Amino acid sequence: PLILGIDTGSQSVRSGVFNLQGALLGAATHPLTTSYPRVTWAEQDAEEWWKAVRTTVPAALAQAGVRGADTAAPAITPAPCSPIAMLLITSRPH
């Protein structure tokens, strides 16, 4: 079994495929845009996060030479503290 890691950071989304010994088999990164509308404020677009996940996950799987079905579980580490509601029907941020 393999683990799919997804890290949504303040600058990018990174996805990686790891074996159970922790070896990285494939990885991909997609940068994120941050706007600063006021002093001490930072904003990012949830649609851009979702697009980055949908870009990096297939790329990491392809680099590892595996399919999503080969992974046992995803491990997700979100840096942004704001929860985003997902529409189950469309799988898009709402």
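Sequence order as written defines the numbering, with residues in each chain counted from 1. Side-chain atom pairs in this predicted model are given and counted only at pLDDT of 80 or more, local residue features only at pLDDT of at least 70, and totals for whole chains, interfaces and linings cover all residues. Side-chain descriptors were evaluated using all non-hydrogen atoms of the structure, hydrogens and water having been removed beforehand.

Undergrad: Tell me about the side chain of Ser15, and please be specific about residues and values.
TA: Secondary-structure assignment places Ser15 in strand 2 (residues 12-19). Relative accessibility decides the category of a residue: with a 1.4 Å probe and only protein chains considered, values under 20% of the type maximum give buried, values over 50% give exposed, and everything between is partly exposed. The exposure class of Ser15 is buried, given its relative accessible area of 3%. Within the structure, Ser15 has its side chain in polar contact with the side chain of Thr56 (distance 2.7 Å). Here a residue-residue contact requires only that any non-hydrogen atoms of the pair lie within 4.5 Å. Setting aside anything within four residues of it in sequence, one finds Ser15 in contact with Gly5, Ile6, Gly26, Ala27, Ala28, Thr56, Val57 and Ala60. Per the convention used, a helix needs a DSSP run of H or I reaching at least four residues, while a strand needs a run of E reaching at least two, with both numbered from the N terminus. Polar contacts, as used here, are pairs of N or O atoms within 3.5 Å; protein pairs need one atom able to donate a hydrogen and one able to accept it. Residues neighboring in sequence count only if both atoms are side-chain atoms.

Undergrad: Requested: an account of the confidence of the model for the protein chain, with residues and values cited.
TA: Taken as a whole, the protein chain shows an average pLDDT of 85; of its residues, 83% reach a score of 70 or greater. pLDDT is a residue-level measure of predictor confidence that goes from 0 to 100. Averaged over each element, pLDDT in the protein chain is lowest for strand 5 (residues 86-87) (53) and highest for strand 3 (residues 24-31) (97).

Undergrad: Explain the packing of aromatic side chains to me, using residue names and the numbers behind them.
TA: Pairing of aromatic rings covers Phe, Tyr and the six-membered ring of Trp, with a centre-to-centre limit of 6.5 Å; geometry is then stacked below 30 degrees between planes, edge-to-face above 60, and tilted otherwise. Applying the stated criterion to the full structure yields 0 aromatic pairs. Cation over ring: Arg38 sits above Trp41, and NZ or CZ is 4.3 Å from the ring centre. Whether a charge lies above a ring is judged from NZ of Lys or CZ of Arg, which has to be within 6 Å of the ring centre and within 35 degrees of the ring normal.

Undergrad: Explain the environment of Trp41 to me, using residue names and the numbers behind them.
TA: With respect to the helices and strands, the residue Trp41 is situated in the loop between strand 3 and helix 1 (46-64). Note on Trp41: relative accessible area 39%, which makes it partly exposed. Every residue in contact with Trp41, bar those within four places of it in the chain, is listed here: Ser35 and Tyr36.

Undergrad: Report on the pairing of strand 1 (residues 2-8), specifying residues and quantitative values.
TA: Taken across its 7 residues, strand 1 has 5 buried, putting it largely inside the fold. Note: strand 1 against strand 2, 7 bridges, orientation antiparallel. In the strand pairing of strand 2, Leu2 is matched with Asn19. In this scheme, strands are said to pair when DSSP sees at least two bridges between them.

Undergrad: Could you give an account of the pattern of salt bridges, naming the residues involved and the relevant values?
TA: Here a salt bridge means any side-chain nitrogen of Lys or Arg lying within 4 Å of a carboxyl oxygen belonging to Asp or Glu. Counted by the stated rule, this structure contains 2 salt bridges. A salt bridge links Arg14 to Asp7, with the nearest nitrogen and oxygen atoms 2.3 Å apart. By relative accessible area, Asp7 is classed as partly exposed at 25%. Where Arg67 meets Asp70, a salt bridge forms, and the shortest distance between an N and an O atom there is 3.5 Å.

Undergrad: Tell me about the side chain of Glu48, and name the residues and values.
TA: Along the chain, Glu48 falls in helix 1. Among buried charged residues, Glu48 stands out as having no salt bridge; its nearest opposite-charge side chain is Lys51, 7.4 Å away. If sequence neighbours within four positions are ignored, Glu48 has contacts with Pro31, Leu32 and Thr33. Only four residue types enter the tally: Lys and Arg on the positive side, Asp and Glu on the negative side; His and the chain ends are excluded.

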